[in-house]
Amino acid sequence: MQQIGMEKTKRDFHSTKYYVNAVKKETVRTDHPQQRESGQWTSEYRDGLIGTVLKNEDIPYIVLCEQVTKKGVDNYIIDGIQRITTIFNYRVGAFKLGNKVEEPLIEYQVNRLDENGKPVRDEEGNLVHDTVVCDIRGKGYRDLPEELREIFDEYQLMEVKHLNCSDNQIGYHLRRYNHAKKMGASQNGITYLDKKIAMQVKNITATHPFFKDLGNFKPAERNNDTLNRVVLESIMATYFLCDWKSPLKDICTYLNEHMEEDMIIDFKMELDSISEVMTDCVSEMFNSKNSFLWFVTYHKFCKTGLSSSRFIEFMETFQTALHKKKWNGTSFDEMNQVSTKKKSCIVEKLQLLEEFMYEFIGIRQEECEEMDFLDFVRENVKKDTTQEDIDFYCDMLEDLTLEVNDHTKLLDKSNRVSLIALIAYACENDIDLDKWLIDYFEAHNTYIKNQKKNYLKMVTDLEKAVRHRYGGQNF
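Residues numbered from 1 in each chain as written. Predicted model: local features only at pLDDT ≥ 70, side-chain atom pairs only at ≥ 80, totals over all residues. Heavy atoms only, no water.

(A) Spatial organisation of the overall build of the protein. Helix and strand counts for the protein come out as 21 helices and 6 strands. Compactness check: the protein gives a C-alpha radius of gyration of 31 Å against a globular reference of 23 Å for 475 residues, more than 25% above the reference. Across the 475 residues of the protein, 43% fall into the buried class. Of the contacts formed within the protein by residues at least 6 apart in sequence, a portion of 71% connects residues at least 24 apart. A total accessible area of about 26600 Å² is found for the protein, and carbon and sulfur atoms account for 47% of it. Averaged over its 64 positive side-chain charges, the protein has a centre that lies 9 Å from the centre of its 80 negative ones. (Helix = DSSP H or I, 4+ residues; strand = E, 2+ residues; numbered from the N terminus. Rg over C-alpha atoms; globule rule 2.2 N^0.38 Å. Buried < 20%, exposed > 50% of the residue type's maximum accessible area, 1.4 Å probe, protein only. Contact = heavy atoms within 4.5 Å. Areas by Shrake-Rupley, 256 points an atom, 1.4 Å probe, with all protein chains shown as cover. Lys, Arg positive; Asp, Glu negative; His and termini not counted. Charge placed at Lys NZ, Arg CZ, Asp CG, Glu CD.)

(B) Main features of the environment of Asp272. The residue Asp272 is located in helix α11 (residues 261-276) in this model. Classification of Asp272 by relative accessible area gives partly exposed; the value is 28%. For the pair Asp272 and Ser307, spaced 35 residues apart in the sequence, the C-alpha separation amounts to 13 Å.

(C) Spotlight on the confidence of the model for the protein. On average, residues of the protein score 86 in pLDDT, and 93% of them are at 70 or above. The secondary structure element of the protein with the lowest average pLDDT is helix α17 (residues 365-380), at 73, and the one with the highest is helix α4 (residues 146-154), at 95. Contacts from residues 470-475, a stretch scored under 50 in pLDDT, to residues over four places away or in other chains number 13 contacts. (pLDDT = per-residue confidence, 0-100.)

Right, dumping it as structure tokens:
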């Protein structure tokens, strides 16, 4: 029991160099029997802390318990042992930073020196400074420049020390400081997402009837960012399956750079339409594990122009029979026994669902693609385009791309609609694409996922080339 009037805690700041020496001398101890062992962190967390120190950013304070015994005074770390032991191990050369450390380029200031090694001054006697950039990847403490070693050694950590603690009080504080639950994988992954995208995603999961009332999600999943993960995985697999990432933080980082406004708008519209026809049986199928598979498949279904209720019928049939139907020697049930987000597994499941869906609705996949081409060209190039025209444009595209790199992303299946429309535009305006297309493919290796925007971008580039008499020749 703490006596009234006695000082309970003391706050102070100490440098990393102080803690390194204190741990070495054991004036600060890391071996309290109730404390978990050090070395619990992955190399990613470990490297992240060292990067934080070198960039002089803040980290949580360190908590010690002072225990007075007949043999003297012991100071035990009860919160922050992973931080202190990581700093200690880096300082003594136990490890070097890996190549995945975040924000690895660090700027620092040095005095400019003359040929004699003396600081240079300007005409007014002021020191002249230079900014230096150091890439800390792969570097141990001794590999750092002197300036960064000084920054590391002098970094100040706040310390809170509980004074004159008994064994029971130390146990109490250990439990108290570890009550807070660590961020889950989904919660941690969302921290990598652009703020604007995060707000859009969370608005959907917080307000849309599907996530509020319809999906088969556990109460805890509604509070730990699992629903946000479902949305992000759905968008990633719908538009960027070729670049699929398993860790959510990698998905977030990728979408920050590649996701477009229309993608999340379309996702919400599709969410609206499927919610209107949802049944109890199908609602159960939308769980945290498989929802993104169904959303991707529904996105493909929407291109058929059929009523959403037809897709619900497919899902009900899948639930009662198709889930155990063999496909290339295996079934969805057998695939689903393996809980993995590896790209190969995701692609295989989506291919099964896609083939079963097209078979159920009685439409060939190729027919849907043809409808996409026809509708897009009619909307953006020529209203009276026929299927014969589309077939001609497809053949022409095959001929025009014979000399381009087969591995270019511009030939992705998801980019063919805008390419076919460009062929149609060139034919309508009597423009020869032979030389322009080859040069365009050499100058570009990516495309805009929104096919209308990509089509307009290519048309603009083509028109510019025509105006400047591309290569000295008229098209």
